[in-house]
Amino acid sequence: MIKIDNLIKRVGDKVILKGVSLNITKGETVGILGPNGAGKSTLLKVIATLLKPTSGEVTIDGLDLKKDPIKIKSKLGYLPHASLLYDHFTPYENLKFFSKVYYLDNVEERIHKLIDDVGLRLFTHEPVKSFSRGMVQRIAIARSIIHDPEILLLDEPHTGLDQQAIGILNNVVAKLQERDVTTLIVTHDFLQAAKVCDRIVIVRNGRIADDFLLEGQDINLLQKRYQSVVEGDSNAI
Amino acid sequence: MKKYQDIELDYAKGVQPVSTIHKLLTYTTAILFIVLVYMAFIYSPVEKTMGPVQKIFYAHVPSAWIAGVAFLGVFILSIAFLITRKRIYDLYAGISAEIGVVFTTIVLTTGPIWGRSSWNSWWSWEPRLTTTLILWFIYLAYVMIRHMDSPWDKRARLAAVFGIIGFLDVPIVFFAIRWWNTKMHPIVFGEGKDQSGGGLEPEMLATLFVGLGAFTLLYIVLLQKGVMIEKAKIAVQAYKEKLQDKLVR
Amino acid sequence: MLFKGAMALAWKDLYTEWKTKQTISTMLIFAGLVVIVFSFAFDPMNTTVKAIIPGLIWVIIVFAGLLGLNRSFTSEGKNDTIHALIVAPLDPSSIYLGKFISNLVMILIVEIISIPFLFILFDFKFHANLLYFILTIFIGTFGFVSAGTFLAALSSNSRSSEMLLPIILFPISTPILIGAVQATKIQLISPDKFASAISWMQLITAYDLIIFVACFILYEYVQEV
Ligand SMILES: Nc1ncnc2c1ncn2[C@@H]1O[C@H](COP(=O)(O)OP(=O)(O)OP(=O)(O)O)[C@@H](O)[C@H]1O
Ligand SMILES: [Mg+2]
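Here is what the cut-offs are and how they apply
Residues numbered from 1 in each chain as written. Chains lettered and ligands numbered in written order. Predicted model: local features only at pLDDT ≥ 70, side-chain atom pairs only at ≥ 80, totals over all residues. Heavy atoms only, no water. Helix = DSSP H or I, 4+ residues; strand = E, 2+ residues; numbered from the N terminus. Buried < 20%, exposed > 50% of the residue type's maximum accessible area, 1.4 Å probe, protein only. Contact = heavy atoms within 4.5 Å. Areas by Shrake-Rupley, 256 points an atom, 1.4 Å probe, with all protein chains shown as cover. Buried area = accessible area lost by both parts, 1.4 Å probe. Salt bridge = Lys/Arg side-chain N within 4 Å of Asp/Glu carboxyl O. Polar contact = N/O pair within 3.5 Å; in protein donor to acceptor, adjacent residues only side chain to side chain. Pairing = 2+ DSSP bridges. Axes fitted to C-alpha atoms, helices over the stretch in contact; angles between N-to-C directions. Phe/Tyr/Trp six-rings, centres within 6.5 Å; stacked < 30°, edge-to-face > 60°. Near = heavy atom within 4 Å. Nonpolar A, V, L, I, M, F, W, Y, C, P; charged D, E, K, R; others polar.

A. Just the overall build of chain B, in detail. Scanning chain B from terminus to terminus reveals seven helices and zero strands. Reading the secondary structure of chain B in the N-to-C direction produces α-α-α-α-α-α-α. The 249 residues of chain B split such that 49% are buried. Looking at chain B alone, contacts between residues at least 24 apart form 81% of all its contacts between residues at least 6 apart. For chain B, the exposed area adds up to about 12500 Å²; of that, 69% sits on carbon and sulfur atoms.

As structure tokens, this is what we get:
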């Protein structure tokens, strides 16, 4: 589904991704872990077409990122740190606008269902600027999946959410897994990573340091391998 | 396909020595300028109506020419950069714009001195001079964009875009100003200031050509020099970072 | 598709404006203040002062317009909503087009309110052909907004974008300023020279076409993150 070949990303004179190669098949849920500043968010941004690769190939669903960006964009859902929502708009207005931007038709029902799913029905017509961080994040999640993406890119989606909201998010991801959606989750939360992911990629210093399958929500294995890769030389960053 | 190919890749070996061609060009330019001074002040005759002030002509016209060449250079190099994303084009475009601004400034100072003696007022809203003024502002804006506080690739991209729009704008500006000028002041000073009275004498023409040659060479020398300095800066920066990287590890 | 996306974006901007009324009200207040400053600087009772009215119209358009243009892209920086537009399957040109339409509409609204207001305050008797007058204002605004929207996107990359925008926009839009002021002046003050007003309008139209097409094509390069 996602094929990355020797991806290098420089910003100015700084090399942030130093040759990343990754092959993700359809339906996988991949957790991306690594210390701060490792380049996880940058990797996600490149896949999300937000940053152009300096060199290397990125192919998504057989389409070249450079040649068919528009087609790829309509398959991607992206949830970064920022909410990407308009403050003056209500959840309904935000979702309505983004459904237009994704050229969707007959969306009324879908918008209301999404707002229900993230548990904010009562706030459907309140402006987002009056929301708490967690409520905003819930709407942001709804925004990122408004167009039924085939690939979902989540950058630290759990931060700022309460237990109930984490449950909602995990539910959303689980539902997508059933539908064979490919999901990439950048996170620092081992527990959640072990819970939802079936493959872990550890990024360190702009390179992929480890890449393994995770079965049975084995958090011990995850911790052990993370420590051996990252904390073995903790002064690397 | 490689994008944003960086200078430091071919400069990994460190700062390269100055090439012989560059040295040769520098000496030739110096000699040509001495010749130009001789021709302007001794060889060519003093103009009858304007007197010695007319000598400024030999600096004014070549400067305007170089400004034009420099900005055309920015335009072409900007397109080249956007297509290939090679940093070298961006460096040349930046230096070319800076040289252009300097020579435009010369045009804008020599112009009024000339104008003072031939039209008895420092500034006239004469189309060529006014267009030069707008040009000066456009490329000053270009230089401002280049000094934006962001990574070089972004700066280069935005500057290139502005370099293209700015250059496309210049002919329209000139046309608008010329038109505006003739509508505002129906009887202007003949066709413009460059026809100095009744045509040029052959000695003056020869001096002018030497001036054009000397200034063109100067432009090339300055361009090379500027790019060399920029490259050296980048190489030093890259070296510094490599060192830091090693120390951290 | 190009227009659908652009219209969605323009509608979004105008709807936000409808809800907050921030930008247009600021632009209108600013326009009013400019008129007042000018009426103190040049005595409105003096009949020769009528000659500055065409220039004044364009001073209002340009400076009030600048306020709106400045906001049009920096407002997308809040919550990084510009990123949402980039990751969406929108053609970059349709983002430019959408922003262009919303800016144009906002400035036109300001013009519709402030120009009659100006005529009243300066006690100006309007004798020109209204249709041509409106056309002149429209094509002049069109050119100014096409360059302005593009350069606002460019300058929004800078930390001091409000300062950068006027510096890069004014030199680029000199042909518009010259042409529009002249065309307006001829129509309002000396309608007998109408033919030359037409040729100025042709010049503005040429500028509009060249700049709009160039910006439309080049916008893609401004938007890369
Ligand atoms: N626009 C930029 N300009 C310069 N450097 C940048 C830019 N964006 C990111 N970086 C650098 O790139 C490196 C990787 O950043 P990135 O945001 O991808 O890290 P991360 O793995 O997501 O970290 P975190 O866990 O803190 O989110 C950092 O060292 C950062 O300083
Ligand atoms: Mg991050």
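Read on, since the account is not over.
B. Quick look at the interface of chain C and chain A. Listed by partner, the interface residues are 27 residues for chain C and 27 residues for chain A. Around 2700 Å² of area is buried between chain C and chain A when both sides are counted, 65% of it from carbon and sulfur atoms. For the chain C face of the interface with chain A, the top three residues by lost area are Asn 79, Val 87 and Pro 89 of chain C, together amounting to 25%. For Asp 87 of chain A, the salt bridge goes to Lys 78 of chain C, with nearest N and O atoms at 2.3 Å. One can count eleven residue pairs in polar contact (both at pLDDT 80 or more) joining chain C with chain A. Where the side of chain C that touches chain A is concerned, the elements lending two or more residues are helix 1 (2–20) and helix 4 (81–87) of chain C. For the side of chain C that touches chain A, the leading source of residues is helix 1 of chain C, giving ten residues.

C. Expanded view of the pairing of strand 6 (residues 76–79) of chain A. All names here are of chain A. Taking every second residue as pointing to the same face, both faces of strand 6 are buried, with Leu 76 and Tyr 78 on one and Gly 77 and Leu 79 on the other. Here strand 6 pairs with strand 7 (residues 151–155) via four bridges, running parallel. Among the inter-strand pairings, Leu 76 is bridged to a residue of strand 7, identified as Ile 151.

D. Expanded view of the sheet that holds strand 3 (residues 29–33) of chain A. Residue and element names in this part refer to chain A. The mixed open sheet is built from six strands, whose spatial order is 6-7-8-3-9-10. At either margin of the open sheet sits one strand with a lone partner, and together these are strand 6 and strand 10 (207–213). Direction aside, the axes of adjacent strands within the sheet are offset by 15 degrees on average.

E. Structural detail: the packing of aromatic side chains. Residue and element names in this part refer to chain C. Counted by the stated rule, this structure contains 36 aromatic pairs over all chains. Taking the centre distance of 5.9 Å and the plane angle of 45 degrees together, the rings of Tyr 96 and Phe 212 count as tilted. Of the two residues, Tyr 96 is situated in helix 5 (residues 92–121) and Phe 212 in helix 9 (residues 194–223); the sequence distance between them amounts to 116 residues. The buried category is assigned to Tyr 96, whose relative accessible area is 0%. A residue is classified by how much of its surface remains accessible, and Phe 212, at 17% relative accessible area, is buried.

F. Representation of the site of ligand 1 within the structure. Residue and element names in this part refer to chain A. For ligand 1, the set of nearby residues contains 13 residues, the closest of which are Gly 37, Lys 40, Ser 41, Thr 42 and His 188. Interatomic distance of 2.5 Å between a side-chain N/O atom of Thr 42 and an oxygen atom of ligand 1. His 188 is positioned with one of its side-chain polar atoms (N or O) 2.9 Å from an oxygen atom of ligand 1. For ligand 1, whose accessible area on its own is 630 Å², the fraction buried by protein is 62%. Contributing elements (two or more residues each) for the shell around ligand 1: strand 2 (14–24) and helix 1 (40–47). By residue number, the principal contributor to the shell around ligand 1 is helix 1, which donates three residues. Per-class residue counts for the shell around ligand 1 are four nonpolar, six polar and three charged.

G. Seen up close, the sheet that holds strand 5 (residues 63–64) of chain A. Residue and element names in this part refer to chain A. The four strands lie next to each other as 2-1-4-5, forming an open sheet whose pairing is antiparallel. With one partner strand each, in any of the chains shown, strand 2 and strand 5 form the two edges of the open sheet. By the bridge criterion, eight bridges tie strand 1 (residues 2–11) to strand 2 in an arrangement that is antiparallel. Bridge pairing links Ile 2 to Ile 24 in strand 2. Sheet contacts for helix 1: strand 1, strand 2 and strand 4 (55–60); angle to strand 1, the most-contacted strand, approximately 115 degrees.

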